[in-house]
Amino acid sequence: MGLIGAVSNYKGGVGKTTFTVNLSAALSYKNKKTLIIDNDPQADSTRAVLPPDARIEGCLYHLLNPEETRPVEIKDCIYRTIHKNLFILPNISETSGLEIPLAQNYPNSNLYLRKAVREYVVNNYDFIFIDCPPTLSLFVNNALYAADFVMIPMDAGSGNSLEGIKGVLDLMDSVKKDKNPDLRFLKILINKVDKRKSAHQAVIDDAIERFGANNVFKNSIPTSSLFESVEFVKGQTIFSFAQKSKGAQSFRNLATEFLTFF
Ligand SMILES: Nc1ncnc2c1ncn2[C@@H]1O[C@H](COP(=O)(O)OP(=O)(O)OP(=O)(O)O)[C@@H](O)[C@H]1O
Ligand SMILES: [Mg+2]
């Protein structure tokens, strides 16, 4: 049986998508069949790994839309990527328009993602990662109701990203008390570390003091302009773009550490 991890932080731009895409790719190289669910209508992880020539027939929009007239099957919403063991369930910007109607008119809509994907994906993949938008709203609720565990990336260059962690932990508590009691918090990932900057060390120390060293991955991800460069090359990850870089190596190390928890 596979496991589903939600990747969330209320703050934007901390590295949720970079973390989801590159940890998934690193695990796929370790022969883990891995699926990314793009739960963000910004569709950044879709653009990152969906091959540029792929035509999206079905995606998260169709699975979440209660008024979908052309029902699609989950297996028809999953696409291959450049990496053999890495797959994507993509998203499109139109999904943002579902949020208000779902929240206002469909009382059980927090469970729609779980109902649409959980059984199929845990039976067909080793790891499934849900890339969340920078909110604490309906889509993030859906991810937490669908997931087995939560990982929270933070930006070492921004004290504000610590505030986004607290928001996710509070939301986790309410989801656990409601209908997903087994949901567990895995770790915080410290991203965008520049060891030359003392302010970064202060943010890291603050995170460890507030959340405990045991709750933080030992491996962090350095600041590297290659993570930005790879965004301009659709369908590629750090492993196809710059496999020998420090950034790629840091995700390999992180994947090794990640696997020790399972
Ligand atoms: N370690 C890193 N070094 C340098 N740049 C990085 C690093 N991690 C992420 N970035 C860059 O920072 C920006 C934000 O990263 P990313 O899109 O992964 O964040 P996010 O949390 O998913 O954002 P959003 O909240 O909008 O979904 C991107 O341009 C990305 O390339
Ligand atoms: Mg993102």
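Remember, predicted model here, so these are calculated numbers, not experimental data. (Residues numbered from 1 in each chain as written. Chains lettered and ligands numbered in written order. Predicted model: local features only at pLDDT ≥ 70, side-chain atom pairs only at ≥ 80, totals over all residues. Heavy atoms only, no water.)

### A few points about the site of ligand 1
For clarity, the threshold we go by: The cutoff for a nearby residue is simple: one of its non-hydrogen atoms must lie within 4 Å of the molecule or strand. Distance and chemistry together define a polar contact, namely a pair of N or O atoms within 3.5 Å, with one atom able to donate a hydrogen and the other to accept it when in protein, and with adjacent residues in sequence counting only for side-chain atoms on both sides. Under the convention used here, a 1.4 Å probe and the Shrake-Rupley method define accessible areas, while residue burial counts only the protein chains that appear. Strands are runs of DSSP state E lasting at least 2 residues, helices are runs of H or I lasting at least 4, and numbering of each runs from the N terminus. Nonpolar residues are Ala, Val, Leu, Ile, Met, Phe, Trp, Tyr, Cys and Pro. Charged residues are Asp, Glu, Lys and Arg, and all others, Gly as well, are polar.
Near ligand 1 you find 19 residues, and of these Lys 16, Thr 17, Thr 18, Pro 222 and Glu 231 are the closest. Within the backbone of Thr 17, an N or O atom sits 2.8 Å from an oxygen atom of ligand 1. Note that a nitrogen atom of ligand 1 is positioned 2.9 Å from one of the backbone N or O atoms of Ser 224. Computed on the free molecule, ligand 1 has an accessible area of 630 Å², of which 88% lies beneath the protein chains in the complex. At the level of elements, helix 1 (16–29) and helix 9 (225–229) are the ones that each hand at least two residues to the shell around ligand 1. Per element, the largest residue contribution to the shell around ligand 1 is 3 residues, and it comes from helix 1. A breakdown of the residues in the shell around ligand 1 according to their chemical character gives 5 nonpolar, 9 polar and 5 charged.

### Details of the side chain of Asn 191
For clarity, the threshold we go by: We call two residues contacting when some pair of their heavy atoms lies within 4.5 Å.
Along the polypeptide, Asn 191 turns up in strand 7 (residues 184–191). Residues in contact with Asn 191, not counting those within four places in the same chain, are Val 14, Gly 15, Met 154, Asp 155, Ala 156 and Ile 221.

### Considerations on helix 5 (residues 112–124)
The condition that has to hold: In this analysis, the expected span of each helix is defined as 1.5 Å times one less than the number of residues it contains. At every residue, the bend is computed as the angle between two fitted axes, covering the seven residues ending there and the seven beginning there respectively. In this scheme, a residue with accessible area under 20% of its type's maximum is buried, one over 50% is exposed, and one in between is partly exposed, where area comes from a 1.4 Å probe on protein chains only.
Here helix 5 is 13 residues long and its end C-alpha atoms lie 19 Å apart, about the 18 Å a rise of 1.5 Å per residue gives. For helix 5, the principal kink sits at Arg 118 and spans about 45 degrees. By the burial criterion, the buried members of helix 5 are Leu 113, Val 117, Arg 118, Val 121 and Val 122. Those residues of helix 5 that are buried lie in contact with strand 1 (3–7), strand 2 (34–38), helix 3 (60–64), strand 4 (86–89), strand 5 (127–131) and helix 6 (138–146).

### Some remarks on the packing of helix 7 (residues 160–178) against helix 8 (residues 198–211)
If you want to describe how two helices pack, look at the angle between their axes and the distance between the axes. The condition is simple: Under this scheme, a helix contributes an axis fitted over its contacting stretch, all axes are lines through C-alpha atoms, and angles between N-to-C directions fall in the 0 to 180 degree range. Oblique is the label for any angle not covered by the other classes, which are roughly parallel (under 35 degrees), roughly antiparallel (over 145) and roughly perpendicular (65 to 115). Here a crossing is called left-handed whenever its near helix is offset anticlockwise from the far helix by less than a right angle, and right-handed whenever the offset is clockwise.
Helix 8 packs onto helix 7 with a crossing angle of 25 degrees between their chain directions and a minimal axis gap of 11 Å. By the criterion of interaxial angle, the relationship of helix 7 to helix 8 is roughly parallel. As helix 7 packs across helix 8, the resulting crossing turns out to be right-handed. On the side of helix 7, the interface is formed by Leu 162, Glu 163, Ile 165 and Leu 169, while helix 8 contributes Val 203, Asp 206, Ala 207, Arg 210 and Phe 211. Residue classes in the contact of helix 7 with helix 8 are distributed as 6 nonpolar, no polar and 3 charged.

### Some thoughts on helix 11 (residues 246–259)
Since the α-helix packs 3.6 residues into each turn, any two residues three or four apart lie on the same face. Between its first and last C-alpha, helix 11 extends 20 Å over 14 residues, near the 20 Å set by a 1.5 Å rise per residue. Within helix 11, burial applies to Gly 247, Ala 248, Ser 250, Phe 251, Leu 254, Ala 255, Glu 257 and Phe 258. In this fold, the buried residues of helix 11 make contact with helix 1, strand 5, strand 6 (149–155), strand 7, helix 9 and helix 10 (238–241).

### Focus: the pairing of strand 4
Going by this rule: Two strands qualify as a pair provided DSSP detects at least 2 bridges between them.
With burial as the criterion, each face of strand 4 is covered, one bearing Leu 86 and Ile 88 and the other bearing Phe 87 and Leu 89. In terms of strand pairing, strand 2 meets strand 4 through 4 bridges, oriented parallel. Bridge pairing in strand 4 places Thr 34 opposite Leu 86. Bridge count for strand 3 (residues 79–80) against strand 4 is 2 bridges, and the pairing is antiparallel. Paired with Arg 80 across the strands is Phe 87, a residue of strand 4. The hairpin turn running from strand 3 into strand 4, its antiparallel successor, is 5 residues long.

### Looking at the packing of aromatic side chains
The criterion, for reference: Any two of the Phe, Tyr and Trp rings considered here, Trp counted by its six-membered ring, make a pair once their centres fall within 6.5 Å; the pair's planes then place it as stacked at under 30 degrees, edge-to-face at over 60, or tilted in between.
Tallied over the full model, the rule gives 13 aromatic pairs. Summarising the aromatic geometry, the rings of Phe 127 and Phe 129 are spaced 6.2 Å apart at their centres and angled 10 degrees between planes, so their arrangement reads as stacked. Each of the two residues, Phe 127 as well as Phe 129, counts as buried. Where Phe 149 meets Phe 258, the ring centres are 6.1 Å apart and the plane angle is 50 degrees; that geometry is what we call tilted. One end of the pair, Phe 149, is in strand 6; the other, Phe 258, is in helix 11, with 109 residues separating them in the sequence. By relative accessible area, which is 1% here, Phe 149 ends up buried. Pairwise contacts between aromatic rings join Phe 127, Phe 129, Phe 149, Phe 258 and Phe 262 into one cluster.

### Looking at unusual backbone geometry
Within the chain, Asn 31 stands out as a residue other than glycine whose phi angle is a positive 65 degrees. In this structure, Asn 31 sits in the loop between helix 1 and strand 2. For Asn 31, a relative accessible area of 59% corresponds to the exposed category. Unlike most non-glycine residues, Ala 43 shows phi in positive territory, near 60 degrees.

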